[in-house]
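Given next are the chains, with one letter for each unit.
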Amino acid sequence: MLRIIGGGLAGSEAAWQAASTGVPVTLFEMRPLRPTAVHKTDRLAELVCSNSFRGDKLDNAVGLLKEEMRRLGSLIMRAAEASRVPAGAALAVDRERFAQAITDALSAHPLITVVREEVTAIPESGERAPVIVATGPLTSDALSADIAQLVGGKHLYFYDAISPIVLAETIDRSKVFRASRWNRSLRSSFDPSTLREPQGRPEQGREATGSGSSRATPRDDTLGTSEPARGELVEPRAPACGVDDGEGDYLNCPLTRDEYERFYDALVTAESATVHDFDKERFFEGCLPIEVMAHRGRDTLRFGPMKPVGLTDPRTGREPYAAVQLRQDTLAGDHFSLVGFQTQIKWGEQARVLRLIPGLEQAEFVRFGMVHRNTYVNGPRVLAETWQVRARPSVFFAGQMSGVEGYVESAASGLIAGLNAAALIRGEPLSSPPRTTAIGALAYYVSHADPAHYEPSNITFGIMEPLTRAPRSKMARKLALSERALAELQTWLHGRASQSVSQVSGA
Ligand SMILES: Cc1cc2nc3c(=O)[nH]c(=O)nc-3n(C[C@H](O)[C@H](O)[C@H](O)COP(=O)(O)OP(=O)(O)OC[C@H]3O[C@@H](n4cnc5c(N)ncnc54)[C@H](O)[C@@H]3O)c2cc1C
């Protein structure tokens, strides 16, 4: 029997995968008996911040990861499809429907028992009774202390921050406009099965035009590949937490230069709820609070979450000086989140500052932004590529705790940990897909990155094995990486299936 601690994104996927191979699973979830600082419900796989699973195309590493998960029978992907809301080229969900679908599927599975209980220490384990620890960034204190003992006191803390959500009916629609960046939307003709790209989309990283400003124009640098202009700005290197790689059907709040300056001045002088020294603390670069980014330079936000690139204000026919994007957060469209606006400003101050954004003057906030703790182990010191703890192979770590970053990445790690824990019980060989796949590249990163400078990672093409003969164009390169990944995943799947068959016939 497999025991899984934590019914979040990783634990839920792991339970589904293991049970799908016929292994009985007990899934321990401490909510609602013991809440966390950010979860609001007792549902399994609750999304605690953004409702987005980010890009959903094969020219995007997280799009590839999702496609691989679909092919591996992911429950998280199936529930996400079933609760999808419009978000352009991204996959965003109605968070309540999503979590309910997962909760229903796991509760109804005959091989899965959900136990509502806080686990305070990693239980005894063995080859026929392994344990998966998937307790996430907000692992309870008692279990954290026990994990610290197991991994040699080397588990680390840093801080993340979440974005505010506004009530849709309080947004002034006469000031905002609905548009995807570059008019890019899932409604375009992209067909993942043929790896074709829709017509007319400019390459990422190109210079924007027509901002009407004498200052440098923010570039679209969602891949974080180009260098900032000298002395001018420092922008996040990783795709920001909750930012959909610059794609989606958003409500856009355009700002003129004067409006931007006023907003900027209010932001950098607003009072913070808690004082964290972000230069000293370990803070995920892609999730920096807006006020921290703002303190790095007057234009930093215009190159980050407020970049106007690819957006045309229909009232002026021009790109605005800056823009704030609002993404639909519920299927009914009654809540919108401020994309990339994670913050730790005091709530009263947040309302005052954010109401300076055109269209949000009368906004009612359903949830304010806040800062939270994040807990993870130093993967390369602790884990093997199979997500097993090297020093105790009957224990697996999955999800954010294992040192990946993001909903999709957490679920992906749970998927492979669940399959491997089930294989251990059945006495079959354990493996991970090759590093040429997105899901295998995550496993490789977590177990092989430099432990001295280890940071949780989103999936990027950069952590996948490079192509031996790479096309010159960036887009063609990404699509070639995806094509190879999907072919090699298929080969891995065939290999696994035949191993199980020979194991059964040899038994
Ligand atoms: C505030 C916040 C905002 C975030 N924003 C984003 C975002 O916008 N986009 C994104 O992609 N990622 C975001 N993340 C990261 C996100 O948490 C992870 O991507 C994902 O939820 C991690 O999945 P997980 O399964 O590892 O953990 P979770 O989904 O957190 O699941 C862990 C589960 O374990 C349970 N648990 C904890 N301790 C115990 C115990 N001792 N016994 C039993 N159960 C226990 C918890 O109650 C929880 O249900 C955010 C994280 C936080 C905390």
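Residues numbered from 1 in each chain as written. Predicted model: local features only at pLDDT ≥ 70, side-chain atom pairs only at ≥ 80, totals over all residues. Heavy atoms only, no water.

Visitor: Would you take a moment to explain the overall build of the protein chain for this structure?
Guide: Within the protein chain one finds 12 helices and 17 strands. By the burial criterion, 61% of the 507 residues in the protein chain qualify as buried. In the protein chain, the share of contacts with a sequence separation of at least 24, taken over all contacts with a separation of at least 6, comes to 74%. Carbon together with sulfur atoms contributes 52% to the accessible area of the protein chain, which is approximately 19500 Å² in total. (Helix = DSSP H or I, 4+ residues; strand = E, 2+ residues; numbered from the N terminus. Buried < 20%, exposed > 50% of the residue type's maximum accessible area, 1.4 Å probe, protein only. Contact = heavy atoms within 4.5 Å. Areas by Shrake-Rupley, 256 points an atom, 1.4 Å probe, with all protein chains shown as cover.)

Visitor: For this particular structure, what's the right way to read the site of the ligand?
Guide: For the ligand, the set of nearby residues contains 36 residues, the closest of which are Glu29, Arg31, Gln400, Gly406 and Tyr407. Take Met30: an N or O atom from its main chain is 3.2 Å from a nitrogen atom of the ligand. Between Arg31 and the ligand, the recorded distance is 2.9 Å, taken from a side-chain N or O atom to an oxygen atom. When the ligand is considered free in solution it has 970 Å² of accessible area, and contact with the protein chains removes 98% of it. Within the residue set of the shell around the ligand, elements represented by two or more residues are helix H1 (9–20), strand S2 (25–29) and helix H10 (407–426). Split by residue class, the shell around the ligand holds 16 nonpolar, 16 polar and four charged. (Near = heavy atom within 4 Å. Polar contact = N/O pair within 3.5 Å; in protein donor to acceptor, adjacent residues only side chain to side chain. Nonpolar A, V, L, I, M, F, W, Y, C, P; charged D, E, K, R; others polar.)

Visitor: So what exactly am I meant to see when it comes to the sheet that holds strand S16 (residues 388–389) here?
Guide: Two pairing modes exist for strands in a sheet, parallel and antiparallel, and in both the strands are linked by backbone hydrogen bonds. Spatially, the six strands line up as an open sheet ordered S6-S2-S1-S7-S17-S16, and their pairing is mixed. One side of each edge strand has no neighbouring strand; the edge strands of this open sheet are strand S6 (112–116) and S16. Sheet strands touched by helix H5 (residues 141–150): strand S1 (2–5), strand S7 (131–133), S16 and strand S17 (392–397). Its angle to S17, the strand with the most contacts, is close to 135°. (Pairing = 2+ DSSP bridges. Axes fitted to C-alpha atoms, helices over the stretch in contact; angles between N-to-C directions.)

Visitor: Would you mind going over helix H11 (residues 438–448) with me for this structure?
Guide: A turn of α-helix holds 3.6 residues, and therefore any two residues three or four places apart point the same way. Most of H11 sits inside the fold, with nine of its 11 residues counted as buried. Every buried residue of H11 is listed here: Ala438, Ile439, Gly440, Ala441, Leu442, Ala443, Tyr445, Val446 and Ser447.

Visitor: When you look at the pattern of salt bridges in this model, what are you seeing that I'm missing?
Guide: Two side chains carrying opposite charge are able to pair once their charged atoms lie near each other. Summed over all chains, the structure comprises 19 salt bridges. Glu409 is paired through a salt bridge with Arg54; the nearest N and O atoms lie 2.7 Å apart. Linking Glu409 in helix H10 with Arg54 in strand S3 (residues 52–55), this pair joins segments that are 355 residues apart in sequence. There is no split in this pair, since Glu409 and Arg54 are both buried. For Glu271, the salt bridge is made with Lys346, and the minimal N-O distance between the two is 3.0 Å. Within this pair, whereas Glu271 is found in the loop between helix H6 (257–269) and helix H7 (290–295), its partner Lys346 is found in the loop between strand S13 (335–338) and helix H8 (347–354), the two being separated by 75 residues in sequence. (Salt bridge = Lys/Arg side-chain N within 4 Å of Asp/Glu carboxyl O.)

Visitor: For this particular structure, what's the right way to read the packing of aromatic side chains?
Guide: The relative placement of two aromatic rings is captured by the distance of their centres and the angle of their planes. Enumeration according to the criterion identifies seven aromatic pairs in this entry. Judged by centre distance (5.0 Å) and plane angle (25°), the rings of Phe365 and Phe368 are stacked. Judged by its relative accessible area of 17%, Phe368 is buried. Note that Arg302 overlies the ring of Tyr321, its terminal NZ or CZ placed 4.0 Å from the centroid. (Phe/Tyr/Trp six-rings, centres within 6.5 Å; stacked < 30°, edge-to-face > 60°. Lys NZ or Arg CZ within 6 Å of the ring centre and 35° of its normal.)

Visitor: Can you walk me through the packing of H1 against H10 in this structure?
Guide: Helix-helix packing: each pair is described by the crossing angle between the helix axes and the interaxial distance. The N-to-C vectors of H1 and H10 enclose an angle of 35°; their axes lie 7 Å apart at closest approach. Seen along the crossing, H1 lies across H10 with a hand that is right-handed. Within the contact between the two elements, H1 uses Leu9, Ala10, Glu13, Ala14, Gln17 and Ala18 and H10 uses Tyr407, Ser410, Ala411, Ser413, Gly414, Leu415, Gly418, Leu419 and Ala422. Residue classes in the contact of H1 with H10 are distributed as nine nonpolar, five polar and one charged. (Left-handed = near helix turned anticlockwise from the far one by under 90°.)

Visitor: What am I meant to see in the nonpolar core here?
Guide: The nonpolar side chains of soluble globular proteins are, as a tendency, buried together. With 96 residues, the main nonpolar core has Phe53, Phe98, Ile132 and Phe397 as its most contacted residues. No other element matches the 12 residues that H10 contributes to this core. In contact with Phe397, other than residues within four places in its own chain, are Val133, Ile147, Leu150, Val151, Val377, Leu383, Trp387, Val389 and Ser402. Counting 36 residues, the second largest nonpolar core, distinct from the first, contains Phe263, Tyr264, Phe336 and Ile357. (Core = buried A, V, L, I, M, F, W, Y, C linked by side-chain atoms within 4.5 Å.)

Visitor: What should I look at first to understand the environment of Tyr445 in this one?
Guide: Note on placement: Tyr445 falls in helix H11. A sequence separation of 10 residues divides Tyr445 from Arg435, and the C-alpha atoms of the two residues are 8.9 Å apart.

Visitor: I keep staring at H6 and nothing clicks. Help me out?
Guide: Taking 1.5 Å per residue, 13 residues should reach 18 Å; H6 reaches 19 Å between its end C-alpha atoms and fits that length. All of the buried residues along H6 are Tyr260, Glu261, Phe263, Tyr264, Ala266 and Leu267. On its buried face, H6 is in contact with strand S11 (250–255), H7, strand S12 (322–328) and H8. (Expected span 1.5 Å × (residues − 1).)

Visitor: Can you help me understand the sheet that holds strand S14 (residues 365–367) in this one?
Guide: Read across the open sheet, the six strands follow the order S10-S11-S12-S13-S9-S14; overall the sheet is antiparallel. Because the sheet does not close on itself, it has two edges, and the strands there are strand S10 (177–179) and S14. If you compare each strand with its neighbour and ignore which way they point, the axes differ by 40° on average. Packed on one face of the sheet, H6 meets S11 and S12 and runs near 95° to S11.

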